[in-house]
Amino acid sequence: MNKSILSIFLSLAISVTAYAQQITGSVSDDNGIPLPGASIVIQGTSDGVTSDFDGNFSIDTAQGSTLVISYVGYESQQIIVGSSSITVQLTPDNALDEVVVTALGISREKKSLGYSVTEVSGDDINTIKDNNIASSLIGKVAGLNITNSGTIGSGSRITLRGNNSVNGMNQALIVVDGVPINADGIESNNNADYSSYVTGGGITDVNSNDIESISVLKGPNASALYGSRAGNGVILITTKTGSEAEGLGISINTNLTMDNPMYLPEFQNEYAQGTLGGAYTDISTDFGSSSWGPKMGAQQMYFDGFPRTTQAYPDNVKDFFDTGIKASTSLSIQDASEKGSVRFSYTNNDHKGIIPSSTLVSHNFNLRGVMNLSDKLTVDAKATYFTQEVNNRQFLGGEGIMGPLYQMPRSVDIKDLEQYQVDNPGTAEEYVVRNYAGPNSQTANPYWMANHDTQKERRNRFFGFAKVNYEFTDWLSAFVRVGADITEMKNKTVTKPGHHFYRGGRMDVATNSYGELNTDVLITCLLYTSPSPRD
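Reading guide: rules and limits
- Every chain is numbered on its own, with residues counted from 1 as its sequence reads.
- It should be noted that, the model being predicted, local features are given only for residues of pLDDT at least 70 and side-chain atom pairs only at 80 or more, the latter also being counted only at that level, while totals for whole chains, interfaces and linings use all residues.
- To get the side-chain values, all heavy atoms of the structure are used, and hydrogens and water are removed first.
- Strands are runs of DSSP state E lasting at least 2 residues, helices are runs of H or I lasting at least 4, and numbering of each runs from the N terminus.
- With a 1.4 Å probe rolled over the protein chains alone, any residue whose accessible area is under 20% of its type maximum counts as buried; one over 50% counts as exposed, and the rest are partly exposed.
- Any two residues having at least one pair of non-hydrogen atoms within 4.5 Å are treated as being in contact.
- Pairing between strands is defined by DSSP: at least two bridges between the two strands are required.
- The salt bridge criterion pairs a side-chain nitrogen of Lys or Arg with a carboxyl oxygen of Asp or Glu, the two atoms within 4 Å.
- pLDDT runs from 0 to 100 and stands for how confident the predictor is about each residue.
- Every axis in this analysis is a line fitted to C-alpha atoms, fitted for helices over the stretch in contact. Angles between the N-to-C directions lie between 0 and 180 degrees.

(A) Quick peek at the environment of Gln299. Structurally, Gln299 can be placed in strand 18 (residues 299-301). For Gln299, a relative accessible area of 61% puts it in the exposed group. Taking C-alpha positions, Gln299 is 4.0 Å from Thr309, a pair spaced 10 residues apart along the chain. Apart from the residues lying within four places of it in its own chain, the contact partners of Gln299 are Pro307, Arg308 and Thr309.

So, in C-alpha cells, the structure goes:
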C-alpha cells in the first residue's frame, strides 16, 4: 500500500516538473529589430507574457505545447515548444500596410496617418454607371452627404460631417491627381425661391471610367495643405495610367440604364377643382387651381370653359413623366513598358431625361502619359477635354416645372394640357398659354415649359497637369507640378410669347468663363529611425 502511494507521488512530481519547465526566447521583425511588448500566449489558455524592451521573454510551459506570438502590425505565429530556447521573427501584416492617396497626391500607409481617410475603388464607382460620379459615392463613405438636384445634367452638393458655415461655402474641395478643380457654377445665382437651377461642373465633369480610386479626407488636419478652401474636407480623385499587358490594351464598355420617379407626393382624390367645397363658376372671373371643391362625380365647369362631370385622375402627375434612358459608351487604349506608359480614353454619354424634351449629350477625351527619362527623372502629364450640351434643363423653385405639376387639381386630365396653345394663334389672346387655372391666371402649363420654351446650355472644359519628379537619392526627392482648369459655359433661354408670366416673351443669353492655375513644389525627405529597408 505504501509503495503504491509512493509511486503516485513520484508520478505527480515528474508531471509537475514537466509542466513547470521554463522556456526563454526573443521576438524580432524580419530585419532582426527587437519587438518590445509582443504578446506570447499558451494556446488554449489565458496564460501569457509580453516581451521586454529587448524583445526577450520567458514563460513556463511544457514541451509540445503551442505558443502564439503576436504584435500589432505583424502576422501572428504559432510555435510548438521543442526546446528550452526559441527565436521568433514576425513579418509585417500586409493588410495593415494599406496605402492611400493623401494631400497633394502623396501615397502613404493608412496606419501612419493621424486623421480619417476613406478610400473607394474605381470598380465600386462603376458598379452602376452615372455621368455624375457623386451619385456613385452615396452610401459608401460615412459622414459624406450628397444632394442631387434631380434635373438632368445638374451638379451635386457634397458636404462632409454636415455644414460648417451658415452663410458661407460648405462643400468639399474636389482635387483630381493632386490638382484642385474649379467648382464655380455648381449653384446658380438666381433666387432659390423662384427660379434656381444647378448647372453642374466640378466633380460631374470627371469621367468615371478614368477613375482609379477616390480618397475622402475629413477634417482640417487632412486637408491643411490646400488652405482655407479645403476647410470642409477634400475629395481626392486619382485617375488611371497605362498598365502593362500583352500587346496593346483596348477596352470597350457600354452601359444602358433607365430612370423613373421613385417617389411622388400622396394626393387626395376625393375633391374636385374648386375651393371651400364649392366649384368655380366662371372661366374668366371666377376660376383657380385649388382642388378642394365638391366631391367627385358632380358636374361643373372644366378649365376649357365647358361643363363636365368630374372624376379623379390618380396618375395625372405620374403620367407627365417619361422613362429616362441613359446610354454610356467608353473606349480606352493603353500600353506600358519600363520606359513609361500611355493611356487614351473617350466616353460618350447620351441621356434622355424623365421630363419631356430634356436631353444631355457629352463627350470626354482624356490622354495621359508617364515617361521615365532615367532612373531618377520622371515626367507625368495629362490633358482632358470635356464638352457637354444640355437641352431643356428645368428650373427649380416657384417658377419651376414641378410647382404647377404638383398643384394640378385632381380632376384635371393631364392629357388635356398637351395642347398648350391654340392652333395657329393670331391675336395676343390666342397666344396665351392654356392652363388649368383659367386664361387670366399666371399658372403655368407643364407641357408649355417642357416642349415650347427652350433652354440650352453648352459647357466646354479643359483641365490637366504636367509634373516633373526627380529622385536625388533614395531618401531625397522633389517634384514640380503645374495644373490648369479652364471652363466656358454658354446659356440661352427663350420664353415664348404667351408665357404665363412673361406674356410678351423673353430671351436671356449668357457666356461665363472660369479658370484657375495651380503650381506645387514639394521636397520629400525620408528619415528612418531604424536601418533603412533599402540598406
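(B) Region of interest: the pairing of strand 22 (residues 359-372). Alignment of strand 21 (residues 340-352) against strand 22, held across 13 bridges, turns out to be antiparallel. Counted as the bridge partner of Lys352 is Thr359 from strand 22. From the end of strand 21 to the start of strand 22, which pair antiparallel, there are six residues, and Ser357 there has a positive phi angle of about 70 degrees. Taken together, the 14 bridges between strand 22 and strand 23 (residues 377-391) define a ladder with antiparallel strand orientation. Paired with Asn366 across the strands is Thr384, a residue of strand 23. Counting the residues that bridge the hairpin from strand 22 to strand 23 gives four residues.

(C) Fine view of the pattern of salt bridges. Under the criterion given, the structure shown has 17 salt bridges. Between Arg461 and Asp485 there is a salt bridge, and its shortest N-O distance comes to 2.7 Å. Pair noted here: Arg461 is in strand 24 (residues 454-471) and Asp485 is in strand 25 (residues 476-495), with a separation of 24 residues, a long-range link. Bridged by salt links that share partners, the residues Asp205, Arg393, Glu457, Arg459, Arg461 and Asp485 form one connected network.

(D) Broad picture of the confidence of the model for the chain. With 83% of its residues at a pLDDT of 70 or more, the chain has an overall mean of 83. pLDDT under 50 marks residues 1-19. Its contacts with residues more than four places away, or in other chains, come to six contacts. Across residues 187-191 the pLDDT falls below 50, and counting only partners more than four positions away or on other chains, this stretch makes 10 contacts in the model.

(E) Quick look at the sheet that holds strand 6 (residues 77-80). Read from one edge of the open sheet, four strands run 3-2-5-6, paired in antiparallel fashion. The open sheet has two edge strands with one neighbour each: strand 3 (48-50) and strand 6. Each strand of the sheet is rotated relative to its neighbour by a mean of 20 degrees, with strand direction disregarded. Pairing analysis gives four bridges linking strand 2 (residues 39-42) to strand 5 (residues 66-70), with the strands arranged antiparallel. Looking at strand 5, one finds that Val41 is bridged to Val68.

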